[in-house]
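Report on the structure
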Amino acid sequence: MKRSHFLQKTFGLVGASLVLPSLAAKASDQNLESAPFSLPALGYSFDALEPHIDKMTMEIHHDRHHKAYVDNLNKAVTGTPLASQTLESMMGQMSQLPAAVRNNGGGHWNHSFFWKLIGPATGSKPSAELAAQIQKDLGGIENFKAEFAKAATGRFGSGWAWLLWKEGKLVISSTPNQDNPLMDLAEVKGTPILALDVWEHAYYLKYQNKRADYISAFWNVVNWDFVSQQFSLIKK
């Protein structure tokens, strides 16, 4: 499946080609009632991931941090040609867009994806198809988790760890800040299947500086049903 079709199914995005805009007349802070982007619902309660991710962290993470990315993205694009573009089309031209669009557009996309791939513990596990691919490309689930943890702990400062589909195989990578592998400027480009937010705001209230403990706890809240569905869509 082409990446654009995968993203349309995952996020309901409508593909659009990007006509590079001139942003010289960027909109000032104005009434954003008709803003193009909005904060998606979390889909479960703030305490649904306890004890692995605490209620207050989830509330602050979603209602404040993610909302700030959405609000700032809307401020950056409202009144410009970018207001009619999708996040997907922006990702493909991000190297040519302002930092405010890169940082906040990336933050909005990344978090919208992240909320879907975590959830209340359901006992789910990778589908047989995904498990077989993990075995083939990454040496099995335990080795995959270890290598993914290395990518997450090794990301200096803030950023994300990713499991990607790239050129017919699964690949692990990481990106700084709110960049993601869909961006044309990413060092390793591919289609995300799984992601972990390693910004301190994602874990500091419970885990303080112990990022490794947060990464270990993450596996308890992965929604493998969703992750497996994304993998299946990409391979079609």
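Residues numbered from 1 in each chain as written. Predicted model: local features only at pLDDT ≥ 70, side-chain atom pairs only at ≥ 80, totals over all residues. Heavy atoms only, no water.

**Focus on the nonpolar core**
- L117, I118, L194 and F218 are the most contacted members of the largest nonpolar core, which totals 59 residues.
- Beyond its immediate sequence surroundings of up to four residues, F218 is in contact with F114, L117, I118, F148, L194, A195 and L196. (Core = buried A, V, L, I, M, F, W, Y, C linked by side-chain atoms within 4.5 Å. Buried < 20%, exposed > 50% of the residue type's maximum accessible area, 1.4 Å probe, protein only. Contact = heavy atoms within 4.5 Å.)

**With respect to the packing of helix α5 (residues 128-138) against helix α9 (residues 224-235)**
- Put simply, α5 and α9 touch, their axes get as near as 9 Å, and they point 75° apart. With respect to each other, α5 and α9 are oriented roughly perpendicular. Residues E129, L130 and Q133 of α5 lie in contact with α9, whose contacting residues are W224, V227, S228, F231, S232 and K235.
- Taken together, the residues that form the contact of α5 with α9 break down as four nonpolar, three polar and two charged. (Axes fitted to C-alpha atoms, helices over the stretch in contact; angles between N-to-C directions. Helix = DSSP H or I, 4+ residues; strand = E, 2+ residues; numbered from the N terminus. Parallel < 35°, antiparallel > 145°, perpendicular 65-115°, else oblique. Nonpolar A, V, L, I, M, F, W, Y, C, P; charged D, E, K, R; others polar.)

**What to know about the sheet that holds strand β1 (residues 159-166)**
- Strand order in this open sheet of three strands is β2-β1-β3, and the pairing throughout is antiparallel. Among the strands making up the open sheet, the edge pair consists of β2 (169-176) and β3 (191-197). Across this sheet, the average inter-strand angle for adjacent strands is 20°, counted without regard to direction.
- Where β1 and β3 come together, six bridges link them in antiparallel fashion. Counterpart to A161 in the pairing with β3 is L196. (Pairing = 2+ DSSP bridges.)

**Focus on unusual backbone geometry**
- Residue P51 follows E50 across a cis peptide bond; omega there is 0°.
- Not every positive phi belongs to a glycine, and N177 is a case in point at roughly 55°.
- Of note in this structure, Q208 is not a glycine but carries a positive phi near 50°.
- Looking at the element boundaries, Q208 is found in the loop between α7 (204-207) and α8 (211-218).
- Given the relative accessible area of 34%, Q208 is considered partly exposed.

**Thoughts on the pairing of β1**
- In terms of burial, β1 is a largely internal element, seven of the eight residues being buried.
- Here eight bridges tie β1 to β2, and the two strands are oriented antiparallel to one another. When the sheet's bridge partners are listed, W165 is paired in β2 with L170.
- Count of turn residues in the β1/β2 antiparallel hairpin: two residues, of which E167 carries a positive phi of about 55°.

**A closer look at α8**
- Of the positions making up α8, those classed as buried are R211, Y214, I215, A217 and F218. Buried residues in α8, looked at end-on, bunch into an arc of 165°, giving them a common side.
- On its buried face, α8 sits against α4 (99-117), α6 (141-154), β3 and α7. (Arc of directions from axis to C-beta.)

**Considerations on the pattern of salt bridges**
- What the rule picks out here adds up to four salt bridges.
- With a shortest N-O distance of 2.8 Å, D71 and K67 are connected by a salt bridge. Linking D71 with K67, this pair stays in helix α2 (residues 55-77), spanning four residues, or about one helical turn.
- On the basis of relative accessible area, D71 is assigned to the partly exposed category, the value being 29%.
- Judged by its relative accessible area of 37%, K67 falls in the partly exposed class.
- In this structure, the salt-bridge partner of E167 is K166, at a minimum N-O distance of 4.0 Å.
- With relative accessibility at 26%, the residue K166 sits in the partly exposed group. (Salt bridge = Lys/Arg side-chain N within 4 Å of Asp/Glu carboxyl O.)

**Topic: the confidence of the model for the protein chain**
- On average, residues of the protein chain score 89 in pLDDT, and 86% of them reach the 70 mark or higher.
- Confidence over residues 12-32 falls short of pLDDT 50; this stretch has 38 contacts with residues more than four positions distant or in other chains. (pLDDT = per-residue confidence, 0-100.)

**Here we look at the side chain of H111**
- Topologically, H111 is positioned in helix α4.
- A relative accessible area of 0% means that H111 is categorised as buried.
- A polar contact is formed between the side chain of H111 and the backbone oxygen of G107, at a distance of 2.7 Å.
- Among residues more than four places away in sequence, those in contact with H111 are H61, H66, Y69, W160, Q178, D197 and H201. (Polar contact = N/O pair within 3.5 Å; in protein donor to acceptor, adjacent residues only side chain to side chain.)

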